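Residues per chain, in single letters:
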Amino acid sequence: ERSQRPAWSALTGVLTALTVLATLILDTTTAGATDDVTPPEPFDIVADAGERKLRALDPATGSQLRSLALGFAPRQLAFSADGQRVIVAGKGLLVTLDAASWTEVSRATVGDDIRSLAWWEAGALALAVGKKQDALNLIDAETGALTARIALDGDPDAVALSQSEDQVFVSTREDLSVN
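Rules used in this analysis
- Residues numbered from 1 in each chain as written.
- Predicted model: local features only at pLDDT ≥ 70, side-chain atom pairs only at ≥ 80, totals over all residues.
- Heavy atoms only, no water.
- pLDDT = per-residue confidence, 0-100.
- Helix = DSSP H or I, 4+ residues; strand = E, 2+ residues; numbered from the N terminus.
- Contact = heavy atoms within 4.5 Å.
- Pairing = 2+ DSSP bridges.
- Axes fitted to C-alpha atoms, helices over the stretch in contact; angles between N-to-C directions.
- Salt bridge = Lys/Arg side-chain N within 4 Å of Asp/Glu carboxyl O.
- Buried < 20%, exposed > 50% of the residue type's maximum accessible area, 1.4 Å probe, protein only.

Colleague: Explain the confidence of the model for the protein chain residue by residue, including any values.
Modeller: The share of residues in the protein chain with pLDDT of 70 or more is 74%, and the mean pLDDT across the chain is 74. Strand β1 (residues 23-26) is the least confidently modelled element of the protein chain, averaging 34 in pLDDT, while strand β5 (residues 64-69) averages 91, the highest of any element. Low pLDDT (under 50) marks residues 1-37, which in the prediction has 69 contacts with non-local residues, meaning those over four places away or in another chain.

Colleague: Residues and numbers for the sheet that holds strand β9 (residues 125-130), please.
Modeller: The strand order β6-β7-β8-β9-β10-β11 describes an open sheet built from six strands, whose pairing is antiparallel. Of all the strands in the sheet, the pair left with one neighbour each is β6 (76-79) and β11 (146-151). Ignoring strand direction, the axes of neighbouring strands in this sheet form an average angle of 35°.

Colleague: Please provide a residue-by-residue account of the pattern of salt bridges, values included.
Modeller: Here the structure, examined in full by the defined rule, presents five salt bridges. The salt bridge partner of Arg-85 is Asp-98, with a shortest N-O separation of 3.0 Å. Note that Arg-115 is salt-bridged to Asp-155, the shortest N-O span being 2.7 Å. Separated by 40 residues along the polypeptide, Arg-115 in strand β8 (residues 104-120) and Asp-155 in the loop between β11 and β12 (156-161) bring together distant segments of the chain. The same class applies to Arg-115 and to Asp-155, which are both buried.

Colleague: Could you give an account of the pairing of strand β7 (residues 85-98), naming the residues involved and the relevant values?
Modeller: For β7, the tally of buried residues reaches 13 of 14 residues, placing the bulk of the element in the interior. In terms of strand pairing, β6 meets β7 through four bridges, oriented antiparallel. Following the sheet pairing, Leu-77 is matched in β7 by Val-88. Where β7 lies against β8, six bridges are found, and the strand directions are antiparallel. Note that in β8 the partner of Leu-93 across the bridge is Thr-109. Linking β7 back to β8 in an antiparallel pair, the connection comprises five residues, with Trp-102 at a positive phi of about 60°.

Colleague: Now, about unusual backbone geometry: what can you tell me, with residues and values included?
Modeller: A positive phi angle is found at Arg-52, which is not glycine, with a value near 60°. Structurally, Arg-52 can be placed in the loop between β3 (43-48) and β4 (53-57). On the accessibility criterion, Arg-52 (41% relative accessible area) is partly exposed.

Listed below in structure tokens is the structure:
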């Protein structure tokens, strides 16, 4: 399969690496129990899959300000528009955290490796597509409950929302279409 679509495979690998390793800026004050010191605002959040942690880094120096052990390898992050919540996806898990205190709000077992994740502010939902199911999953970010599963045509790879949040785009691997 890789030889049939080398450009797509390379792009997917790059996007995955950027998603997992990207530093995301979050303007918030912080408090709560984690290891290390309380970060100033703003700070960078990095999903460290190898260490199974989230890390807060000083954007000026790159030094670690705090970390949070998750108990799973974080693969995707999505933030609420107001910066109050962050959703962390791992293999079969979806955890919503309070962004200021880094305390867990909800934890859901989704039964699928999440490939892509987005926050839909209007519905306070996490939108997730996974490896095993050809579907878009809508998950209540506060309770962790699966509210809907929408079947898709093709193997979903990525999910995104329009800026106005009135359209959801899901790209698929088979034919590079957008549902």
